[in-house]
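Chain and residue survey
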Amino acid sequence: PAMAAWISANVRSPVIVGADSESEQWVSEVARLAAAPYAVLAKIRKGDHDVEVGMEHASRWREHTPVLVDDIISSAGTMIAAVKFLCGHGLPPAVCVGVHAIFGGDAYARLREVAADVITCNTVVHPSNAIDVTPALAEMLRDNLH
């Protein structure tokens, strides 16, 4: 819900994009909560830092701002490949949103070079933190302690 609220408040005409079929479960929920359409990329991982992505009919989303949503951003390889793929099909640079900002090595700098913005939740302290999940965590703790 916090990610969807941030997207609704900060991104004009978003299309929520998942990196692969595994992400569809949470991407569809973020899209539903943000009242936005969603799409899922096909991903082929060739190594830790070598990923190919694709999507049929990607150009149909040209009037939308792609918002790439992922749970963990570590190497940022998938997000970088996705941003480049989408831009190559005429979409504007993507906003990248992640839950956990791990960002190994220069991953954050490399992602910022291609993305319109990089936003994460405050589950891991990082300069990209813009989505506060503290209220949700507090509610979950409160509900599970009683």
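Residues numbered from 1 in each chain as written. Predicted model: local features only at pLDDT ≥ 70, side-chain atom pairs only at ≥ 80, totals over all residues. Heavy atoms only, no water.

1. With respect to the nonpolar core
Soluble globular proteins tend to pack their nonpolar side chains together in the buried interior. Within the largest apolar cluster, 29 residues are counted, with the highest numbers of intra-cluster contacts made by Leu41, Met55, Leu68, Phe103 and Leu111. Those elements giving two or more residues to this core turn out to be strand 1 (14-18), strand 4 (50-54), strand 5 (65-73), helix 3 (77-88), strand 6 (95-101) and helix 4 (107-114). Among the elements that make up this core, the one with the highest residue count is helix 3 (seven residues). Beyond its immediate sequence surroundings of up to four residues, Phe103 is in contact with Ile73, Ser74, Tyr108, Leu111, Val118, Thr120, His126 and Ser128. Counting 19 residues, the second largest nonpolar core, distinct from the first, contains Ile16, Val30, Val69 and Ile131. (Core = buried A, V, L, I, M, F, W, Y, C linked by side-chain atoms within 4.5 Å. Buried < 20%, exposed > 50% of the residue type's maximum accessible area, 1.4 Å probe, protein only. Helix = DSSP H or I, 4+ residues; strand = E, 2+ residues; numbered from the N terminus. Contact = heavy atoms within 4.5 Å.)

2. Some remarks on unusual backbone geometry
With phi around 50°, Ser13 is a residue other than glycine that occupies positive phi space. Topologically, Ser13 is positioned in the loop between helix 1 (2-10) and strand 1. Even without being a glycine, His57 presents a positive backbone phi close to 60°. Position of His57 relative to the elements: it lies in the loop between strand 4 and strand 5. On the basis of relative accessibility, which here comes to 58%, the residue His57 falls in the exposed class.

3. Observations regarding the packing of helix 1 against helix 2 (residues 24-34)
Their axes nearest at 8 Å, the elements helix 1 and helix 2 cross at an angle of 50°. If you check the angle between helix 1 and helix 2, you find them oblique. Our pair here, helix 1 against helix 2, has a crossing hand that is right-handed. The segment helix 1 lies against helix 2, with Ala4, Ile7 and Ser8 engaging Val30, Leu33 and Ala34. Here the residues of the contact of helix 1 with helix 2 are counted per class, giving five nonpolar, one polar and no charged. (Axes fitted to C-alpha atoms, helices over the stretch in contact; angles between N-to-C directions. Parallel < 35°, antiparallel > 145°, perpendicular 65-115°, else oblique. Left-handed = near helix turned anticlockwise from the far one by under 90°. Nonpolar A, V, L, I, M, F, W, Y, C, P; charged D, E, K, R; others polar.)

4. Observations concerning the sheet that holds strand 8 (residues 129-131)
The six strands are arranged 2-1-5-6-7-8 in an open sheet whose pairing can be described as parallel. Only two strands of the sheet have a single partner each, and these edge strands are strand 2 (38-40) and strand 8. Averaged over all neighbouring strand pairs, the angle between strand axes comes to 35°, with direction disregarded. Inspection of the sheet shows strand 5 paired to strand 6 by six bridges, in the parallel sense. Opposite Ile72, over in strand 6, you have His100 as the bridge partner. With respect to the sheet, helix 1 is in contact with strand 1, strand 5, strand 6, strand 7 (117-121) and strand 8, its orientation differing from that of strand 6 by roughly 155°. (Pairing = 2+ DSSP bridges.)

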